[in-house]
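Overview (structure and organization)
Each chain is listed here by its residues.
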Number of protein chains: 2
Amino acid sequence: MSESQPNIESKPNPITSNSIGTSESTMNGKSGGTPLNHVYIGKKPVMSYAMSALIQLAQTGEIVIKARGLVISRAVDVAEVVVQRLGGGSYETKDIKIDTERLGEGSEARNVSTIEIVVGKKP
Amino acid sequence: MSESQPNIESKPNPITSNSIGTSESTMNGKSGGTPLNHVYIGKKPVMSYAMSALIQLAQTGEIVIKARGLVISRAVDVAEVVVQRLGGGSYETKDIKIDTERLGEGSEARNVSTIEIVVGKKP
C-alpha cells in the first residue's frame, strides 16, 4: 500500500500475518546475516535470483522468496521460473503470504505491501 | 516470466494450477462478460480497484483479484487495502495462487506471471 494507514497494527490478519519474520534487519536486501534459505528480490534480472534460489533449494530443500513494493511481480516471476522451468518438476509453490509493512517515521511514514513465496521439494 | 518457456504445459503444478479460470476472454481487462466477483487489475490507482472490490464483496461475499505482469504488485496492494484498512476487519485473504500464462503466438510468444488473490468474509 502506498497510502497512510495509521490503524493497521490494531487489525492483525491471521491469514496474512507473518510467521517467518520480516524485521527491518532482514528485509534490507543485504545478504549478510540473513537466513540461508531466504531470497530477497531487488532490481537485478529475474534469472539472477532464480539461479540463486535453485542453489539454495539444493542446499536446504526449501526457500522463501521475499519482496516488497513494485518488485513483488518479480518475486512471482522468480518462483514461476524455478518451479515451472528450471526445477525439472521437483519443486512446488507451498505457500504464499501477503502483508503490509510500515516504512519510515512521522510524516515520512508509508505502507508498503510485501509477499513471501515458499518454494520447496515436492513430497 | 518474461522468457521463452515451451514446456510449461507439460508440467502442471498442483499448487499453482488455476481452479478458477483465467481464459483469454476473461483476462483482457474488459468488464463486459466477466464474472461479477472478479476484479481485474490494470493501470488505474489502487483505490479505484479497492472501492470496486469492496462493492463486489458486499454483493457476493467473496472476490477474486486478478493481475498479470508488472501490475501484480498493485493486486497485492488492493488486497491489503481492502483487508487491512477499508474492510473494517470483516474480510480476510483466503487463498493466493500464482501461475504462468503464455501470450502471443510464434516468435511473439512470451510468458507472463499471473496472480489470483481470493478475499472473502471472515467465518
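Below is a summary of the structure that appears in this document. All values reported here derive from a predicted model rather than from experimental measurement. (Residues numbered from 1 in each chain as written. Chains lettered and ligands numbered in written order. Predicted model: local features only at pLDDT ≥ 70, side-chain atom pairs only at ≥ 80, totals over all residues. Heavy atoms only, no water.)

To continue, consider helix H2 (residues 72-86) of chain B. Residue and element names in this part refer to chain B. With 15 residues, H2 ought to run about 21 Å at 1.5 Å a step, and its terminal C-alpha atoms sit 20 Å apart, in line with that. Among the 15 residues of H2, 13 are classified as buried, and the element is accordingly described as predominantly covered. A positive phi of about 60 degrees marks Gly88, the residue just after H2. (Helix = DSSP H or I, 4+ residues; strand = E, 2+ residues; numbered from the N terminus. Expected span 1.5 Å × (residues − 1). Buried < 20%, exposed > 50% of the residue type's maximum accessible area, 1.4 Å probe, protein only.)

Residues and elements named next belong to chain B. Structurally, Glu101 can be placed in strand S3 (residues 91-103). Residue classification places Glu101 among the buried positions, given a relative accessible area of 9%. A distance of 2.5 Å separates a polar atom in the side chain of Glu101 from a polar atom in the side chain of Arg68. (Polar contact = N/O pair within 3.5 Å; in protein donor to acceptor, adjacent residues only side chain to side chain.)

Residue and element names in this part refer to chain B. The 4 strands lie next to each other as S1-S2-S4-S3, forming an open sheet whose pairing is mixed. Here the strands that pair on one side only, and so sit at the sheet edges, are strand S1 (38-40) and S3. The average undirected angle you get between the axes of adjacent strands in this sheet is 20 degrees. Summarising the sheet, strand S2 (residues 62-68) and strand S4 (residues 110-121) pair through 7 bridges and their orientation is antiparallel. (Pairing = 2+ DSSP bridges. Axes fitted to C-alpha atoms, helices over the stretch in contact; angles between N-to-C directions.)

Here the focus is the sheet that holds strand S4 (residues 110-121) of chain A. All names here are of chain A. Strand order in the open sheet formed by 4 strands is S1-S2-S4-S3, with mixed pairing between adjacent strands. In this open sheet, the two strands that pair with only one neighbour each are strand S1 (38-40) and strand S3 (91-103). In this sheet, adjacent strand axes meet at a mean angle of 20 degrees when their direction is disregarded. With 12 bridges connecting them, S3 and S4 associate as antiparallel partners.

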